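Single-letter residue listing:
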Amino acid sequence: MKLITARTLKQGMTMEESKLSQSYQDACAIAFLNENDMAKFNLKEGDLLKAKTSYGEVVVKCGKVVIDEGNLLIPMGPWANILIGGNTGGTGMPDFKGIEVEILKTDENILNVKEIIQKLK
Amino acid sequence: MEIKNVPCPFCGSLCDDIIVNVENNEIKSVKNGCGISITKFMKHHVNAVKSPMLKKEGNLVDVSIDEAIDKAAEILKNANYPLIFGLSTTECEAQSKALELAELIGATIDQLPSVCHGPSIMALQSVGQTTATLGEIKNRADMVIFWGCNPIEAHPRFFNRYSGAAKGMWSDRSKRYIVTIDMRETSTAKKSDKFIKISHGKDYELISIIRAAIKGQGIPDNVEEITGVKKEDLENLTNRMKNAKYGVVFYGMGLTQSFGKELNTDNAISLVKDLNEWTKFSIIPMLGHYNVAGAVHVWGWQSGYPFSINFALQYPRYNPGEFSATQMLVRKECDAALIVATDPVAHFPNEAARHLAGIPVITIDPKFSLTALISEVVIPCATAGIEAEGTAYRMDGIPLRLKKVVNSEFPPDREILERIIERLKEKMKEQ
Ligand code: SF4
């Protein structure tokens, strides 16, 4: 699938409050996909899924949205960042949209922001 | 006390009609703002940094502001290749001071476009830009195209206040034809007269086909296969574009972050240039952070360049592919970083954030950001536009004066940067 990261209203609002809040995690640790793709991967809304790119993997919640089949939308934030690489193709800007991503259902937990930061070190 | 006409320091719309009610130095209510704006004002103190802090034995502990500034100056003095990043959400005066600091220490200085609208600025440097003020658009535009942007969610008042449904002197919603071109049916698409769904990453192709069609060449029969857009929709669109009296294209990261990046924007600007042979058309990037345009102007005056500027050779050099903050971090080149009013740990690829977590970082931010968590020095400041006044540039390049509506116990960014510069100069003399 193709990974698309984007700004969302919820992400913007909860970010202004606190990035350590549960509401920020609820707004950002989520991947949206098309109904047919959900069926294909045996996913329901609220299930946990693991998304994997050549840069990293992350567990997020599954959400439904009207989008083309084959696209996975994750709001910008610490969870999406794990999947994005630093290559900028000479533009200075990383590829935030269009990276190849694989997904599968999981029963692993979503990491919270503090755990993600711990892992940076 | 009611304070009127306050600009909202959040997104590039910089709506300057916010009414803030203040009692005993506390914001009691906010009128006219969108949801994000109300949160920004009402919760500006939530999760705030309460005191300057230094990392000692692995923990951030409270210190005096003098001690924090001294340590910040020490880190920057000892660094061989420091990075200064952020500044897109603070006032122009702080942006100017930051550039002065970068020059003093031979740093690389960069601001947020390197992760969002950098390609727009790069394209603008190569092909120019046909622009207009948002006031002009509100009053005159009879065709509005939103390309790869979703203002209803990212700039919530933009549609009603300046573009889609805004009531101007000679135009209003009933006289305006609104088109959204996007890969998904966004909330903005739902409010438009026409939604054109494009396959992901096919913007360059679609723009090229429109440019050719406008010049009289036929639209290829397999256009739907190439771009996902129906031939008749495209015929209709090009006709409408040529017949509009005053058209405008607003574009966002759907265009700048997709495959092709600055070449997409370059092509979109060129399309608008072409259209000006028939009618009046403008193009404006939907800047997300409220003062990206400010840094572009201020750094432009001071150094000649808008972002990704390097002073290692004591004169400014510009090269986003080399000096963008992400590149500097991913290549593990910088050995210290000063982060002002932004949160790279929240918004950079992990690969870049990882290097940041391993070098000494100084964060100047009113809020406890994720970057603060990995910093050696954290200096709280007065929030620009709420606790400090200053200048900011709206996305269309109009400067507005930010207001101070409540007091803060901390100095504004410009003052903190000024003090770091002074302390650094003293330390350099001591050597
Ligand atoms: S649209 Fe942007 S500038 Fe206007 S009130 Fe909302 S967040 Fe503030």
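Residues numbered from 1 in each chain as written. Chains lettered and ligands numbered in written order. Predicted model: local features only at pLDDT ≥ 70, side-chain atom pairs only at ≥ 80, totals over all residues. Heavy atoms only, no water.

Here we come to the sheet that holds strand S10 (residues 194–197) of chain B. Residues and elements named next belong to chain B. Strands sit in the order S10-S9-S8-S11-S12 across an open sheet of five strands; the sheet is parallel. Only two strands of the sheet have a single neighbouring strand rather than two, namely S10 and strand S12 (280–285). Taking each pair of neighbouring strands and ignoring which way they run, the sheet shows an average axis angle of 15 degrees. With five bridges joining them, strand S8 (residues 143–147) and strand S11 (residues 246–251) adopt parallel strand pairing. What sits directly across from Phe 146, in S11, is Phe 250. (Pairing = 2+ DSSP bridges. Helix = DSSP H or I, 4+ residues; strand = E, 2+ residues; numbered from the N terminus. Axes fitted to C-alpha atoms, helices over the stretch in contact; angles between N-to-C directions.)

We now examine the site of the ligand. Around the ligand, the neighbouring residues are Cys 8, Phe 10, Cys 11, Ser 13, Leu 14, Cys 15, Cys 34, Ser 37, His 155, Pro 156 and Arg 157 of chain B. For the shell around the ligand, the class distribution of residues is seven nonpolar, three polar and one charged. (Near = heavy atom within 4 Å. Nonpolar A, V, L, I, M, F, W, Y, C, P; charged D, E, K, R; others polar.)

Next up on the list: the nonpolar core. Residue and element names in this part refer to chain B. Among the nonpolar cores identified, the biggest contains 133 residues, and Leu 101, Ile 109 and Phe 250 are the most heavily contacted of them. Sort the elements by how many residues they give to this core and helix H3 (residues 92–105) lands first, with seven residues. When we break this core down by domain, the ones giving at least three residues each are domain 1 (49–115 + 290–430) and domain 2 (118–285). In this structure Ile 109 touches Ile 84, Leu 87, Ala 98, Leu 99, Ala 102, Trp 299, Phe 307, Ser 308, Ile 309 and Phe 311, once residues within four positions along its chain are discounted. Counting 33 residues, the second largest nonpolar core, distinct from the first, contains Met 143, Ala 213, Leu 237 and Ile 283. (Core = buried A, V, L, I, M, F, W, Y, C linked by side-chain atoms within 4.5 Å. Buried < 20%, exposed > 50% of the residue type's maximum accessible area, 1.4 Å probe, protein only. Domains from an automatic or database assignment. Contact = heavy atoms within 4.5 Å.)

This part covers the interface of chain B and chain A. If you look at the interface, chain B gives 52 residues, while chain A gives 45 residues. Both faces combined, the contact of chain B with chain A buries some 4,200 Å², and carbon together with sulfur accounts for 62% of it. The three residues of chain B that bury the most area against chain A are Arg 184, Lys 261 and His 347 of chain B, which together make up 14% of that side's buried surface. Our count for the chain B to chain A interface comes out at two salt bridges. A salt bridge links Asp 68 of chain A to Lys 197 of chain B, with the shortest nitrogen-to-oxygen separation between them at 2.4 Å. (Buried area = accessible area lost by both parts, 1.4 Å probe. Salt bridge = Lys/Arg side-chain N within 4 Å of Asp/Glu carboxyl O.)

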